[in-house]
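Coordinate analysis (summary)
Listed below are the residues making up each chain.
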Amino acid sequence: MRRITDVRLPWRPGSNDPDGLSWLTLNDHNLITAAGPMPAGGAMAGESWQGDRLSRRGIDLQINGGLGLAFTELTQQDLPRLLQLLELLWRDGVEAIAPTLVTCAVAPLRQSLAVLRQARERHQAGRCQLLGAHLEGPFLAEARRGAHPLEHIAAPSVAALEARIAGFETDISLITLAPEQPGAQELISQLKKLGIHVALGHSTADADQAALAFRQGVEMITHAFNAMPGLHHRAPGPLGEACRRGDIALGLIADGVHVHPTTAVLLQRLVGNQLVLVSDALAPYGLADGEHRWDERVLLVKNGTCRLEDGTLAGVTLPLLEGTCRLASWSGDADGAIWAATMAPREVLQESLQDCFLIGDVLSNLLRWQWNESERKLAWRQAA
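Computed from a predicted structure; not experimentally measured.

Before going further, it helps to spend a moment on the pattern of salt bridges. Evaluation of the coordinates by the stated rule reveals 16 salt bridges. Of the charged contacts in the structure, one is a salt bridge between R245 and D247, with a shortest N-O distance of 2.9 Å. Judged by its relative accessible area of 31%, R245 falls in the partly exposed class. Counted as one network, the salt bridges with shared partners bring together R56, E95, R346 and D361.

Right under this line is the structure:
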């Protein structure tokens, strides 16, 4: 038996004492068999981690591709490289992703869903798991479409949904839509019946329209602050309403470009328990900066930021856990940043989070985090 002492386990922001340390016992296969709080004022025999954090791997609910693959353009020939991407994501500390399919034509969308289903069936150790897809569009507000192609934006309707996902209903985890659009209420109701989570994004909704959407079952905001009305003192918009309610997940791209670091810190301090970090990584993830193709358009990548030729911000190529480390360095709240990347996405997917959620996990599947307080620097590595 092996015992690890003085380890910090993930804690929900605002729910308990972040300074509390724990102990873990592991069997001969490095499987965690028991856990508990360190005795007050007393030492315990074992391998001291001196306050290092231990967590599950990250879950990315918004990632659009990688290694040159865009998830909306997948073909049968791309399957081997898709599996390579899943191996890269595992090495980058990500346990599972909701592959995000941005607005596109119906035929390539359905083809991509078929390829993703094949890849999901080939899951094995050492690969990131494919969850159901995240459809970001096409039911978006034209005025807030951002980099989404105008010709494929569609009006919300159950018929338009069925044309896209009939036969793939169980392959979809999340859909981002603009709930203020005519027909959206009926569509949200249908999505809830199918067990598909719904997020508000690329939307012109004001606070009242957002409040109605949240009452109808919209559970999340996609990339907070981006492609939606901002937070104004006389017009709180969807963000203000989500913060007021306290139960809506707030997706955040923590690259420092999509949202200014100061704004990200303010949001974390205001509603850190609602934050869900996402990468919003595009097809050049895992490749060098430079000029890349995105459907028929050119994507310019510089310092991990992706823009179209007209300057429109399109996404990033940064790993999810890089955003975790950046948010921690800006705010000084390492525990909150780790929670937002590893446990908060699981809550969106309504996984059961129990107090001893690490019991039964193998240490090599987990992450060990080191926080340098004086340098405000967070780093991670595989726990074993």
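Back to the text.
The next point concerns the sheet that holds strand 3 (residues 32-37). Read from one edge of the open sheet, four strands run 3-2-1-4, paired in mixed fashion. Only two strands of the sheet have a single partner each, and these edge strands are strand 3 and strand 4 (47-48). Looking at chain direction, strand 2 (residues 22-26) and strand 3 are connected through five bridges and run antiparallel. Note on strand 3: the bridge partner recorded for W23 is G36.

Our next topic: unusual backbone geometry. A cis amide bond links G137 with the next residue in sequence, P138, at an omega value of 10°. The phi angle at H202 is positive, at roughly 45°, despite the residue not being glycine. Tracing the chain through its elements places H202 in the loop between strand 13 (197-200) and helix 5 (207-216). Classification of H202 by relative accessible area gives buried; the value is 4%. Phi is positive for H223, close to 30°, though the residue is something other than glycine. Of note, H223 is situated in the loop between strand 14 (220-221) and helix 6 (237-245).

Here we take up helix 5. Listing the buried residues of helix 5 in full gives A207, A210, A211, A213 and F214. The buried residues of helix 5 all sit within an arc of 165° when viewed along its axis, so they share a single face. Of the residues in helix 5, the exposed ones pointing more than 90 degrees away from the buried face are D208 and R215. On its buried face, helix 5 is in contact with strand 13, strand 14 and helix 6. Put simply, D206 is the residue that caps the front of helix 5, since its side-chain oxygen is 3.2 Å from the backbone nitrogen of D208. Where helix 5 ends, the next residue or the one after it, G217, has phi of about 125°, a positive value.

This brings us to the packing of aromatic side chains. In the structure shown here, the tally under the stated rule is zero aromatic pairs. Across from the ring centre of W90, 3.8 Å away, lies the NZ or CZ of R57, which sits over that ring. The ring of W49 carries the charged tip of R368 above its face, separated from the ring centre by 3.9 Å.

Formed by 77 residues in total, the largest nonpolar core has its most connected members in F71, L82, L89, I97, I221 and L250. A total of seven residues in this core trace back to one element, the largest contributor, which is helix 1 (residues 79-91). With residues near it in sequence (within four places) discarded, I97 still touches D60, I63, F71, L86, L89, C128, Q129, L130 and L131. L61, W339, M343 and A344 belong to the second largest nonpolar core, which has 18 residues in total.

Cut-offs applied
Residues numbered from 1 in each chain as written. Predicted model: local features only at pLDDT ≥ 70, side-chain atom pairs only at ≥ 80, totals over all residues. Heavy atoms only, no water. Salt bridge = Lys/Arg side-chain N within 4 Å of Asp/Glu carboxyl O. Buried < 20%, exposed > 50% of the residue type's maximum accessible area, 1.4 Å probe, protein only. Pairing = 2+ DSSP bridges. Helix = DSSP H or I, 4+ residues; strand = E, 2+ residues; numbered from the N terminus. Arc of directions from axis to C-beta. Contact = heavy atoms within 4.5 Å. Polar contact = N/O pair within 3.5 Å; in protein donor to acceptor, adjacent residues only side chain to side chain. Phe/Tyr/Trp six-rings, centres within 6.5 Å; stacked < 30°, edge-to-face > 60°. Lys NZ or Arg CZ within 6 Å of the ring centre and 35° of its normal. Core = buried A, V, L, I, M, F, W, Y, C linked by side-chain atoms within 4.5 Å.

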